[in-house]
Amino acid sequence: MTVRTRFAPSPTGFLHIGGARTALFSWAYARKHAGQFILRIEDTDVARSTPEAVQAILDGMSWLGLDWDEGPFYQMQRMDRYKDVISKLLNEGKAYYCYSTKEELETLREQQMAEGKKPRYDGRWRPEAGKELPVVPTEIPPVIRFKNPLSGNVVWDDLVKGQISISNEELDDLIIARADGTPTYNFCVVVDDWEMGITQVIRGDDHVNNTPRQINLLHALGAKIPQYAHLSMILGDDGQKLSKRHGAVSVMQYDEDGYLPEAVLNYLARLGWSHGDDEIFSTEQFCQWFDLDHITPSAAQFNTEKLNWLNAHYIKQADLTSLAKDIIKRLALKGVEVDEQIDIQAVIALYRDRANTLNQLADSIAYFYQTPELDQAALEKHITPEIVPVMQGLFQQLESLEWTVENLHVAIEHAVVSNGLKFPKVAMPLRVMVTGGAQSPSIDAVMALLGKDKVLERMQTFIA
RNA sequence: GUCCCCAUCGUCUAGAGGCCUAGGACACCUCCCUUUCACGGAGGCGACCGGGGUUCGAAUCCCCGUGGGGACGCCA
């Protein structure tokens, strides 16, 4: 049987890191088994679903390169189908109308909690042989509930967590249609997973408790039960749960912050999944290796440091042409316009080894195009009164120099030797004058790329 | 409260009874390279939650405890 997996986000916000990993694992599983990956938008919560959120999710998926074979399907467009199934259930006596009000149920819940019991619907409207039901109120629009089995256990072999067993006595008759007639999440999921032929349901483990209800529904519909794989959650950098108000950010934020999608993908892959000691691997390699046996059942804490390390790695590997395009864009965003006279690919090649993010890389080379900000401490430490004459001498040499790295090196070396100094004694002040700070790649290489005019102009302001 | 799940270095993880005096990676520390800072290279620090079993032998299996998390919606 061909593998069919799905990613089924609800469009109530952006695609965050947890959702992205779920999508990645579902996608990779389908790819690994040459199956299909389906995208389904669960938008039955009309009040909270927005088209902007749908777009945000699609953007996140495409940035990460997660493509789907079918969909996106929208549950709101499948209403007729759900209603058919509900009336079938009603006709077969597997579902029933319930006229309890929200207030009534709230009271019941509080009472049960107070008694130390698990809050659950007590089945007051559930029809049973020989049972007398309350008088149907005319003014209350009813919800429709599923007749959950009263006894026995629901057991499944979770592909991540192993065997999970939940007693039906813990479950109540869940609402499958609201008072306004719209079907609810647990019901739509069941119908969709069934009709879309999903073979492996890979999702967050906050759904573990929904699984037995869904399995019971599937049984009632005479559907085949898919396999389930429940992924544990991703915690924030601080070990706290991610939520809208705490730490959860859109995957697109990583784009903005200067992370490469392949780095994020690689990082996410290793969060909760492993392939021996392998740390760095391509998405293609991941698809070949991925399996559900090596997923950790426990929660994982996000670690930005490690993401940075991976990102730095991918920056070092990146194609220079596309890297340059990206960096030019980022510089423009900062209001820095690049000068065509300077070979930006060469500059990036010189700087890429020292950046964790593309933004850092852009920041670090901005001084090629605009007057650098001067590091006061570096200035005071390196540009001493004694060194100024030395720099004046060097300046004169440079004025008539044929501008190559080799010649520049020789010129600096000459200033060092003729003044009886150590190399850094000359290189450091020069570095501060040219770059504004005390850290840079080899100063001769930097000067070569920056060009004679800019170098002399910058030196001038310090030795005049 | 009730039910379900989880538990190896600070973090991500390897580990399917002997290969484990527990391996790798990030971070951290030291040294090397060096024109500063990085990069890179070589080392180092650092963990099986506790208690009982089972077994010749347990990080690995079982039970209890502890701790953490999740669920308990006419949200998904």
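Residues numbered from 1 in each chain as written. Chains lettered and ligands numbered in written order. Predicted model: local features only at pLDDT ≥ 70, side-chain atom pairs only at ≥ 80, totals over all residues. Heavy atoms only, no water.

### Concerning helix 15 (residues 387-399)
How we decide: By the criteria applied, helices consist of DSSP H or I runs no shorter than four residues and strands consist of E runs no shorter than two, each listed in order from the N terminus. One fewer than the residue count of a helix, multiplied by 1.5 Å, yields its expected span. For the exposure calls, accessible area comes from a 1.4 Å probe over protein chains only, and a residue counts as buried if that area is under 20% of its type's maximum, exposed if over 50%, partly exposed in between. Along the arc lie the directions from the helix axis toward the C-beta atoms. Only heavy atoms matter for contacts: two residues are in contact if any of them lie within 4.5 Å across the pair.
For helix 15, which comprises 13 residues, the first-to-last C-alpha distance of 18 Å matches the rise-based estimate of 18 Å (1.5 Å per residue) to within 8%. Every buried residue of helix 15 is listed here: Ile 387, Val 388, Val 390, Met 391, Leu 394, Phe 395 and Leu 398. One face of helix 15 carries all of its buried residues, which in axial projection span an arc of 150 degrees. Buried positions along helix 15 lie against helix 14 (376-382), helix 16 (405-418), helix 17 (423-435), helix 18 (443-450) and helix 19 (452-463).

### Side note on the protein's contact with RNA strand B
Quick note on the threshold: The rule for a residue being near a molecule or strand is that one of its heavy atoms must lie within 4 Å of it. Under this definition, polar contacts are N or O atom pairs within 3.5 Å; protein pairs additionally need one hydrogen-donor-capable and one acceptor-capable atom, and for neighbouring residues in sequence, both atoms have to be side-chain atoms. Basically, the charged four are Asp, Glu, Lys and Arg, the nonpolar ten are Ala, Val, Leu, Ile, Met, Phe, Trp, Tyr, Cys and Pro, and anything else, Gly included, counts as polar.
Taken together, the neighbourhood of RNA strand B is formed by 63 residues, with Gly 116, Arg 178, Arg 354, Ser 440 and Asp 444 sitting nearest. Restricting the count to atoms of RNA strand B within 4 Å of the protein gives a sugar and phosphate share of 68%. Note that a phosphate oxygen of RNA strand B is positioned 2.8 Å from one of the side-chain N or O atoms of Ser 274. Separating a base oxygen of RNA strand B from a backbone N or O atom of Ser 442 is a distance of 3.4 Å. Breaking the surface near RNA strand B down by element, the ones donating at least two residues are helix 4 (102-114), strand 7 (162-167), strand 12 (300-301), helix 10 (304-317), helix 17 and helix 18. When the residues that make up the surface near RNA strand B are grouped by side-chain class, the tally is 20 nonpolar, 20 polar and 23 charged.

### Some remarks on the domain arrangement of chain A
So the rule is basically this: The start and end points of each domain follow an automatic or database-based domain assignment. By buried area we mean how much accessible surface two parts lose on assembly, using a 1.4 Å probe and totalling the loss over both. Whenever Lys or Arg places a side-chain nitrogen within 4 Å of a carboxyl oxygen from Asp or Glu, that contact is recorded as a salt bridge.
Considered domain by domain, chain A is made up of domain 1 (1-68 + 232-317), domain 2 (81-177), domain 3 (319-368) and domain 4 (376-463). Here the C-alpha centroids of domain 3 and domain 4 sit 23 Å apart. Between domain 3 and domain 4, the contact holds nine residues from the first and 10 residues from the second. Ranking the residues of domain 3 by area buried against domain 4 places Leu 350, Tyr 367 and Phe 368 at the top, with a combined share of 60%. Counting across the interface, domain 3 meets domain 4 through one salt bridge. As a salt-bridge pair, Asp 339 and Lys 454 come within 3.4 Å of each other at their nearest N and O atoms. Taken together, domain 3 and domain 4 are joined by three residue pairs in polar contact (both at pLDDT 80 or more). Grouping the amino acids of the side of domain 3 that touches domain 4 by side-chain chemistry returns seven nonpolar, no polar and two charged.

### Some thoughts on the packing of aromatic side chains
Put simply, the rule reads: Here a Phe, Tyr or Trp ring, Trp counted by its six-membered ring, pairs with any other such ring whose centre lies within 6.5 Å, and the pair is stacked when the planes are under 30 degrees apart, edge-to-face when over 60, and tilted otherwise. Both a distance and an angle decide whether a charge sits over a ring: NZ of Lys or CZ of Arg must be within 6 Å of the ring centre and within 35 degrees of the ring normal.
One pass over the full model with this rule turns up 16 aromatic pairs. Measuring from ring centre to ring centre gives 6.3 Å for Phe 25 and Phe 286, while their planes differ by 45 degrees; the resulting arrangement is tilted. Here Phe 25 is found in helix 1 (residues 17-32), whereas its partner Phe 286 is found in helix 9 (residues 283-289), with 261 residues between them in sequence. Residue Phe 286 is classed as buried on the basis of its relative accessible area, which comes to 2%. The interplanar angle of 70 degrees and the centroid separation of 4.9 Å between the aromatic rings of Tyr 267 and Phe 302 together place this pair among those described as edge-to-face. With Tyr 267 in helix 8 (residues 261-269) and Phe 302 in the loop between strand 12 and helix 10, this residue pair connects regions lying 35 residues apart in the sequence. Feature note: the residues Phe 25, Trp 273, Phe 281, Phe 286, Trp 289 and Phe 290 constitute an aromatic cluster, connected by ring pairs. Over the aromatic face of Tyr 121 sits the side chain of Arg 145, whose NZ or CZ is 3.5 Å from the ring centroid. Against the face of Tyr 351 rests Arg 354, its NZ or CZ located 5.8 Å from the ring centre.

### Digging into the sheet that holds strand 8 (residues 175-177)
Strand pairing in a sheet takes place through backbone hydrogen bonds and is either antiparallel or parallel in direction. Counted only if it meets this: Two strands pair if DSSP finds at least two bridges between them. Axes here mean lines fitted to C-alpha atoms, for a helix over just the part in contact, with angles spanning 0 to 180 degrees between N-to-C directions.
If you trace the three strands from one edge of the open sheet to the other, you get 4-5-8, paired in antiparallel fashion. Unpaired on one side and paired on the other, strand 4 (95-98) and strand 8 mark the two borders of the sheet. On average, each strand axis in the sheet is tilted by 45 degrees relative to the strand beside it, whichever way the strands run. Of the strand pairs in this sheet, strand 5 (residues 143-146) and strand 8 are connected by two bridges, and their pairing is antiparallel. Across the sheet, the residue bridging to Arg 145 is Ile 175, located in strand 8. Packing against the sheet, helix 3 (residues 79-91) makes contact with strand 4, strand 5 and strand 8, and its axis sits at approximately 95 degrees to strand 4.

### As for the sheet that holds strand 1 (residues 4-7)
Taken in spatial order, the three strands line up as 1-2-3 in an open sheet, and their pairing is parallel. Since the sheet does not close on itself, it has two edges, and those belong to strand 1 and strand 3 (70-74), each with one partner. On average, adjacent strands in this sheet sit at an angle of 25 degrees to one another, irrespective of strand direction. For strand 1 and strand 2 (residues 36-41), the ladder comprises four bridges, and the chain directions are parallel. By the bridge assignment, Arg 6 is partnered in strand 2 with Ile 38.

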